[in-house]
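What the coordinates show
Given next are the chains, with one letter for each unit.
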Amino acid sequence: MERSRLKTIIILILALVNLALALSLGLGLHQGRTAEAALLSELRERFTAEGCALPQDIPTDAPPMVVTMERDSGREGEMAEAILGEGTEFIDQGGGIAVYRSGSGQATFRAGGSFSVMLRLPDGESTPTEQAEQRVRAFARAAGFETPTLLSGSGSAAQRYGGYPVSGAGASFSLRGSTLTAEGSYLPSAYLSKTEGPAMSAATALTRFLDFRSQSGAVIAEVTEISLRYLLRSTASAPMTLSPVWYLTTDSGSYLVSCADGSVSRE
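Residues numbered from 1 in each chain as written. Predicted model: local features only at pLDDT ≥ 70, side-chain atom pairs only at ≥ 80, totals over all residues. Heavy atoms only, no water.

So, the pattern of salt bridges
Counted under the stated rule, the structure contains four salt bridges. Residue Asp211 is joined to Arg46 by a salt bridge in which the shortest nitrogen-to-oxygen separation is 3.5 Å. Highlighted residues: Asp211 in helix α4 (residues 202-216) and Arg46 in helix α1 (residues 2-49), separated in sequence by 165 residues. Relative accessible area serves as the criterion here: at 35%, Arg46 is assigned to the partly exposed category. (Salt bridge = Lys/Arg side-chain N within 4 Å of Asp/Glu carboxyl O. Helix = DSSP H or I, 4+ residues; strand = E, 2+ residues; numbered from the N terminus. Buried < 20%, exposed > 50% of the residue type's maximum accessible area, 1.4 Å probe, protein only.)

Let's talk about the packing of aromatic side chains
Counting across every chain of the model gives 13 aromatic pairs. Relative to Phe115, the ring of Phe109 has its centre 6.2 Å away and its plane inclined at 45°; by these criteria the two rings are tilted. Phe115 matches Phe109 in its accessibility class, with the two residues each being buried. Between Tyr164 and Tyr230, the aromatic rings sit 5.8 Å apart at their centres with planes inclined by 85°, giving edge-to-face as the arrangement. Separated by 66 residues along the polypeptide, Tyr164 in strand β8 (residues 164-176) and Tyr230 in strand β11 (residues 223-235) bring together distant segments of the chain. By relative accessible area, which is 4% here, Tyr230 ends up buried. By way of ring pairs, the aromatic residues Phe90, Tyr100, Phe109, Phe115, Phe139, Phe145, Phe173 and Tyr186 are connected into one cluster. A cation over a ring is seen here: Lys194 above Tyr191, with NZ or CZ 4.6 Å from the ring centre. Directly above the aromatic system of Tyr247 lies the positively charged group of Arg229, at a separation of 3.6 Å from the ring centroid. (Phe/Tyr/Trp six-rings, centres within 6.5 Å; stacked < 30°, edge-to-face > 60°. Lys NZ or Arg CZ within 6 Å of the ring centre and 35° of its normal.)

Let's talk about helix α3 (residues 128-143)
In an α-helix there are 3.6 residues to a turn, and that puts residues three or four apart on one side. Its 16 residues place the ends of α3 22 Å apart at the C-alpha level, agreeing with the 22 Å of an ideal helix rising 1.5 Å per residue. Residues Gln131, Ala132, Arg135, Val136, Ala138, Phe139, Ala140, Ala142 and Ala143 constitute the buried set of α3. Taken together, the buried residues of α3 touch α2 (73-84), β5 (114-120), β6 (149-151), β7 (154-161), β8 and β9 (179-185). Positive backbone phi, at 80°, marks Gly144, one or two positions downstream of α3. (Expected span 1.5 Å × (residues − 1). Contact = heavy atoms within 4.5 Å.)

A short note on the confidence of the model for the chain
Looking at the chain, the pLDDT average stands at 88 and 87% of residues meet or exceed 70. Looking across the chain, the model is least confident in α1, with a mean pLDDT of 66, and most confident in strand β13 (residues 253-258), with 97. Scored below 50 in pLDDT, residues 26-32 shows zero contacts in the model against residues more than four places distant or in partner chains. (pLDDT = per-residue confidence, 0-100.)

Considerations on the environment of Thr235
Within the secondary structure, Thr235 is located in strand β11. Overall, Thr235 belongs to the partly exposed group, its relative accessible area being 42%. Between the C-alpha atoms of Thr235 and Ala111, which are 124 residues apart in sequence, the distance is 7.3 Å.

Spelled out as structure tokens, the structure:
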């Protein structure tokens, strides 16, 4: 009898503790949302006073993790074969430069992930435009790019990582007569590490941007959209790094606000 009563008391105590924790968590979330709403309201007032409009929806997402990557020679070979065709010759030129050659073109890759391609399309049953479209699509698949567009002799293919667009990665294509060229930067198929970066909010990024606007004298009347994306940073001597940034679309171009240090740059 005593055991049963003691067990009931313990269960009631645990239930009360859980209820207290839930109430505390709910109160914390409510206070956080209230503080965030007050900050956004103050931010809108600042932008209005400075003669710059903000979008109705301002995201509250946390930035993604910082990602480091190393060169992917296997992917480079697949990309080269996709656009040049089979039977390519590999040449290590040193200094982090790898070259793939075929009888009609060349693809050059550098340690930081950048590449350039020049290919003379062969005469055949299909037109140069049809050949270019096939090779560009195959190249994009090998590189992990989104589906490319090739209209009126030029086009591009974007790159994403973890669902986020990547500034500084992707490709541009050009077809002049029967000569196809491509240039850009690719992402390796695997990563070295992922680390938590500074948790800069959209509100903080907008504050940094407003300071930049005032100091630089840039004529910007409206921020039309703000979203998260990655920025590819690479050098010949260091691993490629994907750094989270806030991407601001304005009536005067697009800007990047670094989540690491709050610096603002034009895309």
